[in-house]
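Understanding the architecture of this molecule
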Amino acid sequence: MGRNPLDSANKTAVILGAASTVARSIAMEFARGGYALVLADCDHEETARIAADVALRFDVACHAVPFDATAYCTHRPFLEECRRILGVEPQGVVLCFGYMPEQREAQEDFAKAQRAIDTNLTGAISVLELFASAFEARRGGFIVGLSSVAGDRGRKANYIYGAAKAGLTCFLSGLRNRLHTAGVHVLTVKPGFMDTKMTYGMPLPGPLVASPGQAARAIVRALRKGKDEVYVRFFWRYIMLIIRNIPEWQFKKMNI
Ligand SMILES: NC(=O)c1ccc[n+]([C@@H]2O[C@H](COP(=O)([O-])OP(=O)(O)OC[C@H]3O[C@@H](n4cnc5c(N)ncnc54)[C@H](OP(=O)(O)O)[C@@H]3O)[C@@H](O)[C@H]2O)c1
């Protein structure tokens, strides 16, 4: 744990994948703290509606900007646009976008597997490297990335999405290692199950599921405490500790 990365006079942040219900709750947590926000998602109409709602409820500046995680060449002009709108270098960025294909479909249709890697990993690297360099040059800021417990160990149920998230977790770990001396904080978020459109229609184990509000509060609390990594909900840390430690000879026979 370190110092509070939110303890800055510059109260501005960019939320990527802002039409996610978790991102919407995160935006509200930041707005409650007086942050001016840029909300960005490929669903621009929905993002614009969310931005208007957040601005009205919390009396803060909140702007919607179109953003496609897989349109890599647009990421540099996107950051320029964020700077122009906010009038400053943003203090932080929260990466919430993600794409989870149905595992069997991704096994049979490479386009779906590729989209999972392109969105969750390549898109994240493309856009976060730009924010990372800007924050490193300024010597301050924060980066939050929503990875997944799926990246902690490959399982037959979702190993293609899991592989992309494992890459993202590794990338965030490297960024943290690189940016620590520049005073830039990097928080890796590992949700288990959250009740969102990504999991809509899936049979979820009720007691293990976080609501978007619960998840957002846990993420902002972890950021405020200067944590490097947070599991949402907290008990996933212990579930995944057990899962990671099952010997491979036994794990390969299991149906999890
Ligand atoms: N829900 C869970 O149980 C769970 C568990 C572990 C980790 N996570 C991670 O948590 C994050 C938030 O997920 P969520 O559950 O809130 O899912 P979600 O509701 O599906 O939100 C993901 C958002 O990312 C957007 N997005 C997808 N592809 C994009 C692209 N190329 N460019 C820009 N935006 C794009 C989606 O827009 P469209 O809907 O328009 O495509 C959506 O608004 C994701 O990174 C997810 O992988 C979720």
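See the structure above.
These remarks concern the structure in this document. (Residues numbered from 1 in each chain as written. Predicted model: local features only at pLDDT ≥ 70, side-chain atom pairs only at ≥ 80, totals over all residues. Heavy atoms only, no water.)

Looking at helix α8 (residues 236–245)
This is how the line gets drawn: Type-normalised accessible area, obtained with a 1.4 Å probe on protein chains alone, sets the label of each residue: buried when under 20%, exposed when over 50%, and partly exposed for intermediate values. A run of DSSP states H or I qualifies as a helix once it reaches four residues; a run of E qualifies as a strand once it reaches two. Both are numbered from the N-terminal end. It is the directions from the helix axis to the C-beta atoms whose arc is reported. For this analysis, residues touch if any pair of their heavy atoms sits within 4.5 Å.
Listed in full, the buried residues belonging to α8 are W236, M240 and I243. Taken down its axis, α8 places every buried residue within 60° of arc, on the same side. Opposite its buried face, α8 presents the exposed residues I242 and N245, each directed more than 90 degrees away. For α8, the secondary structure elements touched by its buried residues are β7 (193–194), β9 (229–232) and α9 (248–251).

Section: the packing of aromatic side chains
We count it as follows: Two aromatic rings, drawn from Phe, Tyr or Trp (for Trp, its six-membered ring), form a pair once their centres lie within 6.5 Å of each other, and the interplanar angle then sorts them: stacked below 30 degrees, edge-to-face above 60, tilted otherwise.
Counting across every chain of the model gives seven aromatic pairs. A centroid spacing of 5.8 Å and a plane angle of 0° characterise the contact between F30 and F142, whose relative ring orientation is stacked. With a gap of 112 residues between them, F30 in helix α1 (residues 21–32) and F142 in strand β5 (residues 141–146) connect regions that are remote in the sequence. Neither residue differs from the other here; F30 and F142 are each classed as buried. Ring plane angle 40° and centroid distance 5.8 Å describe the contact between F67 and F97, whose orientation is recorded as tilted. Here F67 is found in the loop between β3 (62–66) and α3 (75–86), whereas its partner F97 is found in the loop between β4 (92–95) and α4 (103–108), with 30 residues between them in sequence. Classification of F67 by relative accessible area gives buried; the value is 6%. The class for F97 is buried, based on a relative accessible area of 8%. Among the aromatic residues, ring-to-ring pairing joins F30, Y35 and F142 into one connected group.

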